[in-house]
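Descriptive structure summary
One letter stands for each residue in the lines below.
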Amino acid sequence: MSAVLQLLLGGSSDPTASGTNPETLTTLGTIATGGYSWRQAMIAGEAITYKSGLHRVVTAARNLRVAWGRGEGSVSRVYPDIRVGLEVHGIVYPVHWAGNRRLTTSPDMQHAISDPVPVQVEPGDTIYVRSAWPAGSQVGFYSASDLHTSGNAGGDLSGGGTLAHAGGSPVCPLGIYGDTDPTKDRGVLILGDSFIQQGWARGAVNAHGYAWSDLGVWLEVIPRDRAQLANRLPGSGAWPYRAALAFHSGNDSASPTETQQALHIAAWRMYRDAGVSRVFGITIHPYSTSTDRWTSVAGQTTRLPPDRNIHPFNVWVRDGAPLDPTTFTPVPVGGVGVRFGEPGHPAQGFFDCHAATAVDPHSASVWRVGDGTSTTGTAWTNDGAHLTGHGSDMLQQAFSAWLETNDLTT
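Residues numbered from 1 in each chain as written. Predicted model: local features only at pLDDT ≥ 70, side-chain atom pairs only at ≥ 80, totals over all residues. Heavy atoms only, no water.

**Re unusual backbone geometry**
Rule in force here: Numbered from the N terminus, helices here are DSSP runs of H or I no shorter than four residues, and strands are runs of E no shorter than two. Exposure classes here rest on a 1.4 Å probe applied to the protein chains alone. A residue is buried below 20% of its type maximum, exposed above 50%, and partly exposed in between.
Of note, the phi angle at Arg293 is positive, near 60 degrees, even though the residue is not glycine. Its location among the elements puts Arg293 in the loop between strand E15 (288-290) and strand E16 (300-302). On the basis of relative accessible area, Arg293 is assigned to the exposed category, the value being 55%.

**Examining the pattern of salt bridges**
Our working definition: Criterion for a salt bridge: a side-chain nitrogen of Lys or Arg within 4 Å of a carboxyl oxygen of Asp or Glu.
The final tally for this structure, using the stated rule, is 7 salt bridges. Its salt-bridge partner being Arg186, residue Asp407 comes within 3.8 Å of it at the nearest N-O pair. Taken together, the positions of Asp407 in the segment after helix H7 (389-404) and Arg186 in the loop between strand E10 (172-180) and strand E11 (187-192) put the pair 221 residues apart, joining distant regions of the chain. Among the residues examined, Asp407 registers a relative accessible area of 31% and is labelled partly exposed. Among the ionic pairs, Arg202 bridges to Asp214, the shortest N-O distance being 2.5 Å. On the criterion of sequence distance, the pair formed by Arg202 in helix H3 (residues 200-207) and Asp214 in strand E12 (residues 211-214) is long-range, its members being 12 residues apart. Residues Arg202 and Asp214 agree in their burial class; the two are buried.

**A few points about the sheet that holds strand E14 (residues 278-282)**
Note: strands within a sheet are paired through backbone hydrogen bonds, in either parallel or antiparallel orientation. The condition that has to hold: Strands qualify as paired when DSSP identifies two bridges or more between them. Axis geometry follows a simple rule: fit a line to the C-alpha atoms, using only the stretch in contact for helices, then measure angles between N-to-C directions, giving values from 0 to 180 degrees. For this analysis, residues touch if any pair of their heavy atoms sits within 4.5 Å.
The strand order across the open sheet formed by 5 strands is E12-E11-E13-E14-E17, and the pairing between neighbours is parallel. Only two strands of the sheet have a single neighbouring strand rather than two, namely E12 and strand E17 (349-351). In this sheet, neighbouring strand axes are inclined to one another by 25 degrees on average, regardless of whether the strands run parallel or antiparallel. As paired strands, E14 and E17 are joined by 3 bridges and run parallel to one another. Pairing of Phe280 across the sheet is with Gly349, part of E17. Relative to the sheet, helix H4 (residues 257-273) contacts E11, strand E13 (243-247) and E14, its axis offset from that of E14 by approximately 160 degrees.

Spelled out as structure tokens, the structure:
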């Protein structure tokens, strides 16, 4: 089949050859790995700069769409017009936005979903998102290992640029969506703050074969409403994700425990109201000071606050985050209420991050070191609140083990 005919008919291959009947692909969902993360390298444009981000297709889909926006919530900036193309099977399909070839930007870079691109993909296919912008722009993109170096197979994405680190606010794909079989939805949304940005959550989710977007943002508090997420997710209507990892960490830890409980409950409910059917919470990691750069247990002292507020919150989460199903107010530990996974509770379960990172998970504790059981060794944190690369690797192992017995989407 010719490339032109493929484009007109809306299939990357003959459906009978691909094995997926396009009539079963009816529901918008997230279909591929490698969604946005704010920890991206930067590129300084020359004449025209282009990049290609690699995405591995997890579930069959057609009528592909690109989500675009700005993950960073603090800088207001008007971005240059951006052109985007999807490269599938060596063909670059131009992406349009309400019929326009160039994406209209705004100071807030509000979330935008492209027009459908009439192509069908199958599990195991690769999508490269190619984007271009005028000279002098500083636009976030994927790491060098994800760059695709083949020539432009069509469309208007051509030219070159120099790879460099520079300042600027990230602008890159938030996710790849498409019409999918709703019974095979594997889309996972990762939300959180700087604690998740070493990549431990997305690394484990990626290894377990989910389609995902990591939309966590540095310094973000627990989202209070959809408006807080408007530059990353649709402001109305359903979000195209089956599950959400609500991995909000300690940026609200100065608040009383009761306030933190209420904020998490409200966020879980908001995600469910946005069409995410399975929501998972988290316990909060330790906070400590250190006399030896967190290379020993003995050299650490628990930081109070925030651990004074975090510990009772973690105990409540481990009890299933009990709440009143009528008022959605938290219930004391051991009290009568609905718990994770029970009818009337907005969340399905939780990952015990504190137990995976703390020396004593049953108290206001300090960070593990070394292999997690030793008293001295390589630091898991370099400031008492964020992970080192080693700490991220260790936490990814723990989270990956948790995923072995906790299917996120079924």
